[in-house]
Amino acid sequence: MRYLPHTEADRAAMLRTIGAATVDELFADVPASARLSAPLDDLPPHASELAVERHMAALARQNLSAADAPCFLGAGAYRHHIPAAVDHLIQRSEFLTSYTPYQPEVSQGTLQYLFEFQTQVALLTGMEVANASLYDGASACAEAVLMAARVTRRHRAVLAGNLHPHYRDVVRTMTRYSGHMQVDSAAPVLGDDLDGLAERVDDTTACVVVQNPDAFGNLRDLRPLAQAVQAKGALLVVVVTEILSLGAAMPPGDMGADIVVCEGQSLGNPLGFGGPYLGLFASREKFVRNMPGRLAGETVDSDGRRGYVLTLSTREQHIRREKATSNICTNSGLCSLAFTIHLSLLGERGLRDLAGLNMARAAATADALVGAGCELLTPVYFNEFAVRLKKPASKVVDALADFGVLAGVPATRLWPDAAELDDVMLVAATETVSDDDIAALATALKEVQG
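Residues numbered from 1 in each chain as written. Predicted model: local features only at pLDDT ≥ 70, side-chain atom pairs only at ≥ 80, totals over all residues. Heavy atoms only, no water.

**Here we look at the packing of aromatic side chains**
Phase 1 of the analysis: Counted by the stated rule, this structure contains 5 aromatic pairs.
Phase 2 of the analysis: Judged by centre distance (5.8 Å) and plane angle (80°), the rings of F95 and Y113 are edge-to-face. Of this pair, F95 sits in helix 4 (residues 93-96) while Y113 is found in helix 5 (residues 108-125), placing the two residues 18 residues apart along the sequence.
Phase 3 of the analysis: Classification of F95 as partly exposed rests on a relative accessible area of 22%.
Phase 4 of the analysis: Residue classification places Y113 among the buried positions, given a relative accessible area of 8%.
Phase 5 of the analysis: Note on F117 and F339: the rings are 5.4 Å apart at their centroids and 75° apart in plane angle, and the pair reads as edge-to-face. Here the residue F117 occupies a position in helix 5, and F339 occupies one in helix 9 (residues 333-371), the gap between them amounting to 222 residues. Neither F117 nor F339 differs from the other in exposure class; each is buried. (Phe/Tyr/Trp six-rings, centres within 6.5 Å; stacked < 30°, edge-to-face > 60°. Helix = DSSP H or I, 4+ residues; strand = E, 2+ residues; numbered from the N terminus. Buried < 20%, exposed > 50% of the residue type's maximum accessible area, 1.4 Å probe, protein only.)

The structure is reproduced here in structure tokens:
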């Protein structure tokens, strides 16, 4: 009972107050089949802190870490080098403890870096305004769909087939309980998922959501699609899962996007076994009052001194719930700070150079895999592409892990029901991939495929 401070008398008093006879009555709505009748037999008894640390460390050693092996994993989360200065700076106490500016007048430092962050995001995406971040790229995508519905007063979203399926699923989940939103999503295609996309837009369509580079790594020119979609009164939402690609590719805003959402993990944030990450959200200025989250702005005080304020806070914490643009209650503050510091250290030239290095590493990897007998399926890519193997991709990936190589992501892990993708593997090559890593991948692949 060391960590359970309530006594039997405390529990009895609380039960009397809420009108329940026993603790079991609190779980009456949970089906009996889903409740345990006794403690789990395979759980170990309590142990000392030292023993638990040793046990957890032993479990962790069973993982093949992306930092300890040639790593070609991608599919929405990418391994990049993070300068040591990033971690050092975000751990300063004024950053690490402030987090969210609930009292803007005493949070000038936090508001200033959020303002700088927003400026960076707007410049990267080619948009006019950006918010102070959301939880991750997938939730930002869902928020973009809901925002498009508010702007257009329409309630149907068309999702491209090659949108990352995790983003698709989050859109479906968040729209299910947000009015009468209809989501029309297509199946993935190894070719052009933009073909015929505009024809699916009707007078009930709020937006079309497309990813660039898409989930197979294809880079496309979205300008014709933007014109066709907007001609029918809908908005174009562009998703970017690899933010570093905007160091080389044309920004979505320059291609006509109305809303751009991105996963910002690649700058300043480690893989971290899936998080925490941060969502980037930018749009045209005319839509700003429908934007979710918060927006920091710059102004001057009564003495003419520069200061920062929360220009927009249309969250349910700040205004009436039914008027709120989002129920997301915070931004990914520390992750956005890491993003800002990393990008500031790189600068514009450094970002372009890093993007170029990623493209070169990916091209070298693709050439090596073609030489190892793979078929390249992505003609124009940034740092990620799809290849067709001679055997089922899931089996090849498992076999390569035994060689100490994290080869890539089987397409069927993202699309389990797509049997035609059984032999397709997604491969990402960032600046962290060396020539030796590429050689190890090609050699192991030849061994596995025969």
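That shown, we press on.
**Some words on the nonpolar core**
Phase 1 of the analysis: By size, the foremost hydrophobic cluster in this structure holds 39 residues, and its most contacted members are V210, L225, I243, L280 and F339.
Phase 2 of the analysis: When contributions to this core are tallied by element, the ones reaching two or more residues are helix 5, strand 4 (205-211), helix 8 (223-231), strand 5 (235-240), strand 6 (259-263), strand 7 (279-283) and helix 9.
Phase 3 of the analysis: Not counting the four nearest positions on each side in its chain, I243 is found in contact with L124, C262, E263, G264, S266, L267, L280 and F339.
Phase 4 of the analysis: Listed in part, the 32 residues of the second largest apolar core include V129, M147, V171 and V237. (Core = buried A, V, L, I, M, F, W, Y, C linked by side-chain atoms within 4.5 Å. Contact = heavy atoms within 4.5 Å.)

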